[in-house]
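Observations on chain architecture
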Amino acid sequence: MSQLYNIIEPNVISEEMVQKAVEEQSQDEAQQLAKREGINFKDITELQLSFRNILQIDNLWQFENLTKLQLDNNIIEKIEALESLVHLLWLDLSFNNIEVIEGLDTLVKLQDLSLYSNRISKIEHMDALQDLQIFSIGKNNLAILEDVIYLRRFKNLRTLNLAGNPLCDNEQYAPFTVAHLPELVYLDFKLVSDTMVSNSAFSSCETGYQHFIEHLLCWYAGNILAFESGSLKKLGLWNHATAFVEYLNGSFLFESMYEEDVEAAKLAYLPGVDDLLQAYPSWFVSVCENLFNYGLKQYEKREAEVSDFYESLHEALTANQEQGRKIILEFENRNKR
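Anyway, here's the lowdown on the structure attached to this text. Being a predicted model, the structure only gives us computed values, none of them experimental. (Residues numbered from 1 in each chain as written. Predicted model: local features only at pLDDT ≥ 70, side-chain atom pairs only at ≥ 80, totals over all residues. Heavy atoms only, no water.)

Side-chain pairs of opposite charge can arise where the charged atoms are in close proximity. Using the criterion set out here, one finds 6 salt bridges in the structure. Between Arg-302 and Glu-303 there is a salt bridge, and its shortest N-O distance comes to 3.4 Å. Taking relative accessible area as the criterion, Glu-303 reaches 35% and is therefore assigned partly exposed. One continuous salt-bridge network, built from bridges that share partners, spans Asp-127, Arg-153, Arg-302 and Glu-303. (Salt bridge = Lys/Arg side-chain N within 4 Å of Asp/Glu carboxyl O. Buried < 20%, exposed > 50% of the residue type's maximum accessible area, 1.4 Å probe, protein only.)

This part covers the packing of aromatic side chains. Per the stated rule, a full pass over the model turns up 3 aromatic pairs. Ring geometry for Phe-41 and Phe-63: centres 4.6 Å apart, planes at 20°, overall stacked. With a gap of 22 residues between them, Phe-41 in the loop between helix H3 (28-37) and strand E2 (46-48) and Phe-63 in the loop between strand E3 (54-56) and strand E4 (68-70) connect regions that are remote in the sequence. When its relative accessible area of 5% is taken as the criterion, Phe-41 is described as buried. Using a relative accessible area of 0% as the deciding quantity, one classes Phe-63 as buried. (Phe/Tyr/Trp six-rings, centres within 6.5 Å; stacked < 30°, edge-to-face > 60°. Helix = DSSP H or I, 4+ residues; strand = E, 2+ residues; numbered from the N terminus.)

Let us look at the sheet that holds strand E6 (residues 112-114). Ordered by their spatial adjacency, 8 strands build an open sheet running E2-E4-E5-E6-E7-E8-E9-E10, and the pairing between neighbours is mixed. Edge positions in the open sheet fall to E2 and strand E10 (190-191), since each of these has one partner strand only. (Pairing = 2+ DSSP bridges.)

It is worth spelling out unusual backbone geometry at this point. Phi is positive for Asn-53, close to 55°, though the residue is something other than glycine. Structurally, Asn-53 can be placed in the loop between E2 and E3. At Asp-188, a residue that is not glycine, the phi angle is positive and equals roughly 55°. Tracing the chain through its elements places Asp-188 in the loop between strand E9 (186-187) and E10. Residue classification places Asp-188 among the buried residues on the basis of a relative accessible area of 15%.

Below you can see the structure in the form of structure tokens.
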């Protein structure tokens, strides 16, 4: 990085930079008026700061009604100073030097996020982005295929780009991703067809996942397709699905895993196995029900903690914004006098 800075002079987002950027993106007539009478940053909804050698994000707190922000093609190393942009819908941080996903907790309305071509190695710290619909994080350093499972919490996610990451070299990348994110419409700029969804759910269960938890994920991936028809909602299991414990409060899982198990059917003919098959289902169902109750309890606990956190965060932000408005108002009054 030091060699890069010897060639490129890094910048920080300054008052002068944002003023110039706003003037440049204004229409000619509005631009002349803005120069004469000044610009109220509260009225700006879109801001483009691309290709400006920005190293550090700053001085954006005045753009409290911003809905679209472009910070692509800079040299930004850290996502920060975006706390006040609570109305942001679209954020482009592609082609920078970001290593960690952070600083997005207050952007609860964000729908489109691009982190393409950075240095990120883990998908994390995005829980607040529940309205996220489009996510581009291609050409980064993501190497662990299982990290894709993190994205299951985003129920509105329809478009995902992971192309160019090391995890894409895994032959199970596409089937695994589509199986765990069945609501996707586009993956890596390609339309996800119904055939691909069905095949991916099947193949992910057939390629070496032997442990119980892996069977559970595969079974879940196959049954989660019912979301498309709303069958889970009709059965009143939506909260179970949100807690990732649906169909664990009974014998559904055991029956779905055992009914097509050819080897298990053969074992039933061995001496003594019949008694085992009588006792094993009860034990298995008991384990599932314990997991079900534990999962629901932890989910409720987490929801309460998240609710308390965002309530406190909102109160703190509101208080800080109110204090900031008072300071600005006092300054403007003194300036007028």
